[in-house]
Amino acid sequence: MYKLWNANFARLRMSATFRVGILVAAVLGLVCPTLGAWFSNKIVALTNGALGHYVEEGMSLDYFLFTWVLFLAVYFALHCSCFVGTEYSNGTLRNKIAAGYSRAEIYLTNFIANAVSGCVLYTIYLIADWCAGRLYVGKIQIFTQTEVLLYILCMYTLMIALAGIFTMAAMLIPNEAFSAIVCIGIMVVLLLIPVFQTGALHWEEYFEDEYMINGMTYTAGSLNPYYVGGIRRELSIFFMNFQPGGPLFDFYCFQGMLGEETFYIIPEIIYSGAVFFAVVPTMVGMVLFRRKELK
């Protein structure tokens, strides 16, 4: 299995999608705080400094360390599908089985290679973002250093969880193009779930002004029929953190959600969810791949 690991990591270093991914991660990390600083200066200039105080509060390195990882995750779906799909298209998978390697070993080495590549891509993003952020933005202001380290660890666990999901899809779908579509589709669905959940959870329990919704007029102080409360609200908040798309969406927009009840990033649930989505898809994928007929 050691030779199989070496072969996979050698192939990873030569992978075109991985090399492009490093470039994508570096560009995202550099562009994110740079554009943030540029837009902030424009806002200050256009308002003659009237919004300077609010802009200064919004410019924090904490925010930029996690913001655009969402886009990196979408590219990561493409990379995982292409990296595994190449084994099908080149016949490498059948050669490994003919050489005496078990399907479980082949599956696990591909999962490990994808997980490592995801962590490497985020590390590149983090380094580039930190350097550009310190230059254009400043220092950490919103969270403590311990909290920032916890959230960075969350991002690594999320990349490993996504690797488990994408590896399962790519290993079970021999067509490289179709597996890429499926993996990207899975990522989009994982991101759309928290979008709809957040929209529902943003409703207040009581109306504070007069609203007309679906032809009905609601006055201030009346009970909001669209409010999600009780056990359903608790389960929604839990699921927002448990599945990988929820934390990625929250990290993307948490600057505007700070101080609100709808800020859901809870590290402990993210860790448990990441373990679940890394282990369960891997176990299911190994069982199904063992029964799969390779043509």
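Residues numbered from 1 in each chain as written. Predicted model: local features only at pLDDT ≥ 70, side-chain atom pairs only at ≥ 80, totals over all residues. Heavy atoms only, no water.

Chemist: Looking at this structure, how should I read the overall build of the protein chain?
Modeler: The number of helices and strands found in the protein chain is twelve helices and two strands. Secondary structure elements of the protein chain, listed N to C terminal, follow the sequence α-α-α-α-α-α-α-α-α-β-β-α-α-α. Looking at the protein chain residue by residue over its 295 residues, the buried ones come to 45%. Across the protein chain, every contact between residues at least 6 apart in sequence was considered, and the portion connecting residues at least 24 apart equals 80%. Surface accessibility of the protein chain: about 14800 Å² in total, with carbon and sulfur atoms responsible for 66%. (Helix = DSSP H or I, 4+ residues; strand = E, 2+ residues; numbered from the N terminus. Buried < 20%, exposed > 50% of the residue type's maximum accessible area, 1.4 Å probe, protein only. Contact = heavy atoms within 4.5 Å. Areas by Shrake-Rupley, 256 points an atom, 1.4 Å probe, with all protein chains shown as cover.)

Chemist: Looking at this structure, how should I read helix H1 (residues 2-14)?
Modeler: End to end, H1 covers 19 Å across 13 residues, agreeing with the expected 18 Å (1.5 Å per residue, within 8%). All buried positions along H1 are accounted for by Leu-4, Asn-8 and Leu-12. In an axial view of H1, the angular spread of the buried residues amounts to 75°, which keeps them on one side of the axis. The exposed set on the far side of H1, more than 90 degrees from its buried face, consists of Tyr-2, Lys-3, Arg-13 and Met-14. (Expected span 1.5 Å × (residues − 1). Arc of directions from axis to C-beta.)

Chemist: Quick question: what am I supposed to make of the nonpolar core here?
Modeler: Nonpolar side chains in soluble globular proteins tend to be buried together. Formed by 64 residues in total, the largest nonpolar core has its most connected members in Phe-66, Tyr-122, Phe-166, Met-187 and Leu-248. Of the residues forming this core, the biggest block, 15 residues, is contributed by helix H8 (residues 145-172). For Met-187, the contacting residues outside a window of four places in its chain are Ala-73, Val-74, Ala-77, Leu-162, Phe-166 and Leu-248. (Core = buried A, V, L, I, M, F, W, Y, C linked by side-chain atoms within 4.5 Å.)

Chemist: Any chance you could explain helix H7 (residues 103-136) here in plain terms?
Modeler: Count 3.6 residues to each turn of an α-helix, and residues three or four apart come out pointing the same way. The end-to-end C-alpha distance of H7 is 49 Å, a good match for the 50 Å that 34 residues give at a rise of 1.5 Å each. Phi for Gly-138, located one or two positions after H7, is positive at around 130°.

Chemist: Teacher, can you tell me more about the pattern of salt bridges here?
Modeler: Any two side chains of opposite charge can pair, given that their charged atoms come close. Counted under the stated rule, the structure contains two salt bridges. In this structure, Glu-87 engages Arg-11 in a salt bridge whose closest nitrogen and oxygen atoms are separated by 3.1 Å. With a gap of 76 residues between them, Glu-87 in helix H5 (residues 69-90) and Arg-11 in helix H1 connect regions that are remote in the sequence. Here Glu-87 and Lys-96 are joined by a salt bridge, their closest N and O atoms 2.3 Å apart. The buried category is assigned to Glu-87, whose relative accessible area is 1%. (Salt bridge = Lys/Arg side-chain N within 4 Å of Asp/Glu carboxyl O.)

Chemist: I would appreciate a short explanation of the environment of Asn-114 in the present structure.
Modeler: Residue position: Asn-114 is located in helix H7. In sequence terms Asn-114 and Leu-12 are 102 residues apart; their C-alpha atoms lie 8.7 Å from each other. Setting aside residues no more than four positions away along its own chain, Asn-114 makes contact with Phe-76, His-79, Cys-80, Phe-83, Val-84, Ala-163 and Thr-167.

Chemist: In this structure, what is going on with the packing of H8 against helix H9 (residues 176-201)? I would like to understand it.
Modeler: The angle between the axes and the distance between the axes are what describe a pair of packed helices. Taken N-terminus to C-terminus, the directions of H8 and H9 make an angle of 145°; their axes are 9 Å apart at the nearest point. Here H8 runs over H9; the crossing is right-handed. Together, Leu-162, Ile-165, Phe-166, Ala-169 and Ala-170 of H8 and Ser-179, Val-182, Cys-183, Ile-186, Met-187 and Leu-190 of H9 make up the contact between the two elements. Of the residues that constitute the contact of H8 with H9, the class distribution is ten nonpolar, one polar and no charged. (Axes fitted to C-alpha atoms, helices over the stretch in contact; angles between N-to-C directions. Left-handed = near helix turned anticlockwise from the far one by under 90°. Nonpolar A, V, L, I, M, F, W, Y, C, P; charged D, E, K, R; others polar.)

Chemist: Can you help me understand the packing of aromatic side chains in this one?
Modeler: Centre-to-centre distance and the angle between the planes together describe a pair of aromatic rings. This model, assessed by the stated rule, comprises 13 aromatic pairs. Taking the centre distance of 6.2 Å and the plane angle of 85° together, the rings of Trp-68 and Phe-71 count as edge-to-face. Its relative accessible area of 39% is what places Phe-71 among the partly exposed residues. Ring plane angle 80° and centroid distance 5.6 Å describe the contact between Tyr-151 and Phe-251, whose orientation is recorded as edge-to-face. (Phe/Tyr/Trp six-rings, centres within 6.5 Å; stacked < 30°, edge-to-face > 60°.)

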